[in-house]
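Chain by chain, the residues run as shown.
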Amino acid sequence: MADLVDLRSDTVTRPTPGMRRAMADAEVGDDVYGEDPTVTALEERVAALFGHEAALFVPSGTMGNQIGMRLVCEPGQEVLCDADAHVVTYEMGAAAAVFGISTRTVVSDRGLLDARALIAQVRPRDDWHLTATAAIAVENTHNRGFGRVQPLGELQALWEWSRGAGVAVHLDGARIWNASVASGVDLATYGRLADTASVCFSKGLGTPVGSVLVSSAERIATARLWRKRLGGGMRQVGVLAAACTYALEHHLPRLGEDHEHARLLAELLGVDPATVETNMVVVDDVAAPMVAEAAKAEGVLVGQVSARRIRLVTHLDVDRAGIERAAKVVGGLVGR
Ligand SMILES: Cc1ncc(COP(=O)(O)O)c(C=O)c1O
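These numbers were taken from a predicted model, which means no experiment stands behind them. (Residues numbered from 1 in each chain as written. Predicted model: local features only at pLDDT ≥ 70, side-chain atom pairs only at ≥ 80, totals over all residues. Heavy atoms only, no water.)

Student: Explain the nonpolar core to me, using residue names and the numbers behind them.
Tutor: If you look at the biggest cluster of nonpolar residues, it comprises 48 residues, and the most contacted ones within it are L42, V46, F57, I176, W177, F201 and V212. For this core, the element with the highest residue contribution is helix α11 (residues 238-250), accounting for 7 residues. Once residues within four sequence positions are removed from consideration, V46 is found in contact with V199, F201, V212, V214 and L248. Counting 27 residues, the second-largest nonpolar core is a separate cluster that includes V5, L269, L312 and A327. (Core = buried A, V, L, I, M, F, W, Y, C linked by side-chain atoms within 4.5 Å. Buried < 20%, exposed > 50% of the residue type's maximum accessible area, 1.4 Å probe, protein only. Helix = DSSP H or I, 4+ residues; strand = E, 2+ residues; numbered from the N terminus. Contact = heavy atoms within 4.5 Å.)

Below, the structure written as structure tokens:
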């Protein structure tokens, strides 16, 4: 369907003509040998953006998160996070299955970071009965928390406590760009509140693939080994890194539009605007399978989060007219 409005996720975007041109023109080399200048330039740029020494281009956010956590957590130790975190919900149990890392969760209010609640659950390293907590993983924005932005004060409190406690902080920053645009907090401030951070280009920034893991130079050297071991060593991927560089220059500056569109959609659907902080709108108390199916028949795709909840995510492939159309279709189906 030509005029399909796909609001299932911000991962559904297609590379724009400008991005495709940048990809076609990219200078490339063999990145496993460290010889792809476009990849190296992207890594240096992203490390600097987040206030870290070094960075590594990886194929996916899942790989960025899992290697990031492995860098700060040994097999048999645990990572603590909220119960709805992507790293424990949607990454196929990778921490345990691949790395022998235990995870433990704390129930949160829609993913809202509560530093005190997490800290209260931390288990020490020097007790031979206990699974030691080596790291805490934080997600910003929070996917299952409807794109919620984590409060800077909580991030700072966690970071300050973690320095004295010898517990690392990993940031799942798949949508850290959205957090920064919505809060006005710069990327380096967020980056400096984490030991390791994975940031994605294939969500709101609209590339077909690509994430970057940032950390210290020493850790990133180890991450390079893990990436190769996991089969993530890639060759002439300057074509992909060029898409990411293009996205930083052309798509990051427009990200606020997606947030405006989400607010408009919420308003048109009668959703509480307080629940819309970035680019996700969640509609509750609806017959989700029926609504999704009927909306699809009218050319609008929505995500089914549960039997009674749908989610609509705005992104660069949906303009204002698309938002208005989606609101009309979905609003008609849910009686709003
Ligand atoms: C918060 C968050 N972290 C990590 C990921 C994983 O990214 P990928 O699908 O590239 O593995 C996603 C994917 O949507 C996500 O929403």
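Picking up where we left off.
Student: How would you explain the domain arrangement of the protein if you had to name every residue and give the values?
Tutor: Under the domain assignment, the protein is made up of domain 1 (5-13 + 254-334) and domain 2 (17-250). Between the C-alpha centres of domain 1 and domain 2 the distance comes to 27 Å. On the side of domain 2, 18 residues touch domain 1, which itself brings 19 residues to the contact. Each partner contributes to the roughly 1,600 Å² buried at the junction of domain 1 and domain 2, and carbon and sulfur atoms together form 53% of this total. Area buried by domain 1 at its contact with domain 2 is led by L255, E277 and M280, which between them contribute 33% of it. (Domains from an automatic or database assignment. Buried area = accessible area lost by both parts, 1.4 Å probe.)

Student: I'd love a proper account of the packing of helix α3 (residues 61-72) against helix α10 (residues 217-229), names of residues and values included.
Tutor: Following both chains from N to C, one finds α3 and α10 inclined at 125 degrees, their axes separated by 10 Å at the closest point. In terms of axis orientation, α3 runs oblique to α10. Seen from above, α3 lies across α10 with right-handed handedness. Mapping the contact onto sequence places M63, I67, R70, L71 and V72 in α3 and R219, T222, A223, W226 and R227 in α10. Partitioning the contact of α3 with α10 into residue classes produces 6 nonpolar, 1 polar and 3 charged. (Axes fitted to C-alpha atoms, helices over the stretch in contact; angles between N-to-C directions. Parallel < 35°, antiparallel > 145°, perpendicular 65-115°, else oblique. Left-handed = near helix turned anticlockwise from the far one by under 90°. Nonpolar A, V, L, I, M, F, W, Y, C, P; charged D, E, K, R; others polar.)

Student: How would you sum up the site of the ligand? Please name residues and give values.
Tutor: Every residue lining the ligand is accounted for by S60, G61, T62, N65, H86, E91, E139, N143, D172, A174, R175 and K203. Within the backbone of G61, a nitrogen or oxygen atom sits 2.9 Å from an oxygen atom of the ligand. Here R175 contributes a side-chain N or O atom positioned 2.7 Å from an oxygen atom of the ligand. Here the ligand, which alone exposes 390 Å², has 83% of that area covered by the protein. Counting residues per element, the shell around the ligand draws most heavily on α3, which supplies 3 residues. Across the shell around the ligand, the residue classes tally to 1 nonpolar, 6 polar and 5 charged. (Near = heavy atom within 4 Å. Polar contact = N/O pair within 3.5 Å; in protein donor to acceptor, adjacent residues only side chain to side chain. Areas by Shrake-Rupley, 256 points an atom, 1.4 Å probe, with all protein chains shown as cover.)

Student: Tell me about the layout of surface pockets, and please be specific about residues and values.
Tutor: The method is simple in principle: a probe with the dimensions of a water molecule rolls over the atoms, and the space it marks as empty is what remains. Put simply, the largest pocket is a space of about 250 Å³. Contributing to the lining of the largest pocket are 13 residues, with Y90, N143, R144, V305 and R311 lying nearest its centre. Looking at the lining of the largest pocket, the elements with two or more residues in it are β11 (303-306) and β12 (309-313). With 3 residues, the single largest contributor to the lining of the largest pocket is β11. For the lining of the largest pocket, a count of residues per class yields 4 nonpolar, 3 polar and 6 charged. (1 Å grid on protein atoms, 1.4 Å probe; cavity = no way out; pocket = protein on both sides within 12 Å on 5 of 7 lines; lining within 4 Å. Points joined across faces, edges and corners; volume = space filled by probe spheres on them.)

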